[in-house]
Amino acid sequence: MMNNNPETVSTDYEIADRLYFEPITLEHILNVVEAEQIDFVIVQFGGQTAINVAEGLEKAGVTLLGTSFDTLDALEDRDLFYQLLDELNLPHAKGDTAHSKEEALVYATSIGYPVLIRPSYVIGGMGMIVVQSEAQLASLLDEPDHLPYPILIDEYVTGKELEVDLISDGKTTFIPTIVEHVEKAGVHSGDSFAILPSVSISEEIKQQVYAASEQIAKKLAFKGIMNIQFVIKGDQALVLEVNPRASRTVPVVSKVMGIEMIPMATQLLAGATLEELNPSTNNKGGTAVKFPVFSSHAIQDIDLKLTPEMKATGEGMCVGKNVESALKKVFALIWRQKGSLFIQGSERLIKAAKEAGFVVWTGSFESWLQQGDKSLHIHLGDDEEAKEQRVKALTHGVQVLTEYETAQAFLQGKDGDVSPVSLHEL
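Just so it is clear, the structure is predicted and the values come from calculations on it, not from any experiment.

**Some points on the pairing of strand S12 (residues 236-243)**
Here comes step 1: As judged from the 7 bridges shared by strand S11 (residues 223-233) and S12, these two strands associate in the antiparallel manner. Bridge pairing links valine 231 to leucine 238 in S12.
Here comes step 2: With antiparallel pairing between neighbouring strands as the criterion, S11 and S12 make up a hairpin whose turn holds 2 residues, including glycine 234 at a positive phi of roughly 65°.

Next up, the structure:
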């Protein structure tokens, strides 16, 4: 195993015979391949960083298990990706690739504002911008250094977002559960709160998600582990993106659904079939909430307004016998303190917070900061005042929420039970 971050590595001896703390670059990997006389390389478990070296490894004659550059190209190249979905007759957001300012303005108008624009190759949502008007797009494109061509222009769909982690042997697939995001699409999946198994998705949408996932994996003859993200628009589940690798939700799905996804994916990559492995889930009704962790204690000048660009530096998980209990555990400290809340931007949230037994501060923000029992700052705005307030609240050690849906989820925990539940019980 190679990992470039010793801070996060606690690899058991039975997982790897040798562990290299080396940068995940082509040169370093090839050095290890040569030194260890490696036969095959798996890039599916190293995030986007490992996927990015796949082409170079193939060109150097290294055999990759399960992930060829052709597969990656079909998923990373937006035009090829939409072509694949069209061949399978799967609905997706409208989108195009622009190579000039003129093309970008024409495509954006035909797609319809707002649009999501980004460089053609992104990690962690870097450089993604939601553009509301032609004037805004024109001024952005006058700064070519900021947004190098080609750029992707996609329809900005703001429905509920879903994702699945699946394992496949190239012919059949196994999907342990559907993960439901709390915030609407447009918030990076790494920054979103997520509930699993999903709690509010119709059976029809679930079937669309399962069918589309199976079709994509089969069409690509994909082996190993894959993540697919969807957004609900009306009565349709649109395919947003396909990541031909393990995602950050895999450990959560594995624990909550009682299935060892990574060992199984490895066996599939080595030639086993799903029929031989016979995977099954073992969840007795428990629910988990995955939540983002921000380094606001160390980096305090950042506005934590959630956007398509990822700001979280990690994630955590709380489990309960129902979604209310898992949500209450996520925000357990605030429920325990029952300090005053500062809420701006929603009368409905203010009313709901009072009904849940919280004191909602009615004075100025500055006077609230001087209070000793303040617990949570909620400001849904995106202007300078909102940004300044959020940054100040963080420097005072107060948790900040920026989305209506996140605040709703916090208050949904009102009737939850915070007594401990073991994964074995679930």
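Still more ground to cover, so stick around.
**So, helix H16 (residues 384-395)**
Here comes step 1: Helix length check: H16 (12 residues) gives 17 Å between terminal C-alpha atoms against 16 Å at 1.5 Å per residue, within 8%.
Here comes step 2: Within H16 the residues assigned to the buried category are Ala386, Gln389, Arg390, Ala393 and Leu394. End-on view of H16: buried residues confined to an arc of 130°, all on one side of the axis. Residues of H16 that are exposed and point more than 90 degrees away from the buried face comprise Glu384 and Glu388.
Here comes step 3: Those residues of H16 that are buried are in contact with strand S15 (340-344), helix H15 (365-369), strand S16 (374-379) and strand S17 (399-401).
Here comes step 4: Downstream of H16 by a residue or two, glycine 397 has a phi angle that is positive, lying close to 75°.

**Considerations on the pairing of strand S6 (residues 151-155)**
Here comes step 1: Most of S6 is tucked away, with 5 of its 5 residues classed as buried.
Here comes step 2: Burial along S6 is two-sided: the face carrying Ile151, Ile153 and Glu155 and the face carrying Leu152 and Asp154 are both buried.
Here comes step 3: Of the pairings in the sheet, the one linking strand S3 (residues 95-98) to S6 comprises 4 bridges and is antiparallel in character. Bridge assignment links aspartate 96 to a residue of S6, and that residue is isoleucine 153.
Here comes step 4: By the bridge criterion, 5 bridges tie strand S4 (residues 115-119) to S6 in an arrangement that is antiparallel. For isoleucine 117, the partnering residue across the bridge sits in S6 and is isoleucine 153.

**Side note on the environment of glutamate 58**
Here comes step 1: Structurally, the position occupied by glutamate 58 is in helix H3 (residues 54-59).
Here comes step 2: When the C-alpha atoms of glutamate 58 and lysine 233 are compared, they prove to be 39 Å apart, with 175 residues separating the residues in sequence.
Here comes step 3: What glutamate 58 contacts, discounting residues up to four positions off in sequence, is Leu64, Thr67, Ser68 and Phe69.

**Description of the environment of isoleucine 167**
Here comes step 1: By the element assignment, isoleucine 167 lies in strand S7 (residues 160-169).
Here comes step 2: Judged by relative accessible area, which is 0%, isoleucine 167 ranks as buried.
Here comes step 3: With 93 residues separating them along the chain, isoleucine 167 and alanine 74 place their C-alpha atoms 19 Å apart.

Parameters at a glance
- Residues numbered from 1 in each chain as written.
- Predicted model: local features only at pLDDT ≥ 70, side-chain atom pairs only at ≥ 80, totals over all residues.
- Heavy atoms only, no water.
- Pairing = 2+ DSSP bridges.
- Helix = DSSP H or I, 4+ residues; strand = E, 2+ residues; numbered from the N terminus.
- Expected span 1.5 Å × (residues − 1).
- Buried < 20%, exposed > 50% of the residue type's maximum accessible area, 1.4 Å probe, protein only.
- Arc of directions from axis to C-beta.
- Contact = heavy atoms within 4.5 Å.

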